[in-house]
Amino acid sequence: IFVQGNKRNQNQRVYPVDQITKAVRSVQEKIDGGYSVLGEADHPEDLQVNLDRVSHMIEKMWMNGADGYGRLKLLPTPMGNICKTLLENGVKLGVSSRGSGNVDDRGNVSDFEIQTVDIVANPSAPDAYPDPLYEAIMNGKRGNILMDVAKSTSHDAKAQKYLQEEVLRLIRDLKIRRT
């Protein structure tokens, strides 16, 4: 979950589902159009993404019920490596959307636009703690073996199909949501 709809968050804001839907669709259109949607480690006050603080790239965003979901990929930047190290050592990181909009006196948000989604220690949305798939696999008992097998089957279509089936089974066994 990247952003939650119809729930009061820790910032005392409520994002109506129609506002989230429009904002998520806009981000996905940028991605589909070939633009990179970069995010930072931590959550600056302004809307400008600073390249020296980039930690990840948003690969996909979609709606599921009242919530905006997404998939991000850590980048091998200094900030991305910090996030990766934290995750590999069991730190639970969250995400927080960074955008603009109008907030009324009851905390309801309108004209919401998402600039990016940042990695944070404490997200304002209560359930905005993504599942770190790569880290869960690599920190498992046989994570490195899995990577070695993937590399060694790169030229064998039959072996790749079998490996894919087994990886999907592993993901199901980890009880991590996938789309």
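The structure presented is a predicted model; accordingly, all values stated were derived computationally and were not measured.

Calculation criteria
- Residues numbered from 1 in each chain as written.
- Predicted model: local features only at pLDDT ≥ 70, side-chain atom pairs only at ≥ 80, totals over all residues.
- Heavy atoms only, no water.
- Helix = DSSP H or I, 4+ residues; strand = E, 2+ residues; numbered from the N terminus.
- Polar contact = N/O pair within 3.5 Å; in protein donor to acceptor, adjacent residues only side chain to side chain.
- Contact = heavy atoms within 4.5 Å.
- Salt bridge = Lys/Arg side-chain N within 4 Å of Asp/Glu carboxyl O.
- Buried < 20%, exposed > 50% of the residue type's maximum accessible area, 1.4 Å probe, protein only.
- Pairing = 2+ DSSP bridges.
- Axes fitted to C-alpha atoms, helices over the stretch in contact; angles between N-to-C directions.

Visitor: For this particular structure, what's the right way to read the side chain of Q19?
Guide: For Q19, the position within the fold is in helix α1 (residues 17-32). For Q19, the side chain forms a polar contact with the main-chain nitrogen of D111, separated by 2.7 Å. A polar side-chain atom of Q19 sits 2.9 Å from the main-chain amide nitrogen of F112. In this view, Q19 contacts V109, S110, D111 and F112; residues no more than four positions away in its chain are not counted.

Visitor: In this structure, what is going on with the pattern of salt bridges? I would like to understand it.
Guide: Pairing of side chains with opposite charge becomes possible as their charged atoms draw close. Scanning the entire structure with this criterion turns up eight salt bridges. R98 serves as the salt-bridge partner of E40, at 3.2 Å between the closest nitrogen and oxygen. Here the residue E40 occupies a position in strand β2 (residues 37-40), and R98 occupies one in strand β5 (residues 94-103), the gap between them amounting to 58 residues. Using a relative accessible area of 0% as the deciding quantity, one classes E40 as buried.

Visitor: Can you help me understand the sheet that holds strand β1 (residues 3-4) in this one?
Guide: By definition, the strands of a sheet pair up through backbone hydrogen bonds, in either a parallel or an antiparallel sense. One open sheet holds the four strands; their spatial order is β1-β4-β3-β2, and the pairing between them is antiparallel. This sheet does not close on itself; its edge strands, each paired only once, are β1 and β2. Pairing between β1 and strand β4 (residues 67-74): two bridges, direction antiparallel. Across the sheet, residue V3 finds its bridge partner in β4, namely G68. Against the sheet, α1 touches β1, β2, β3 (54-64) and β4, its axis set at about 125° to β3.

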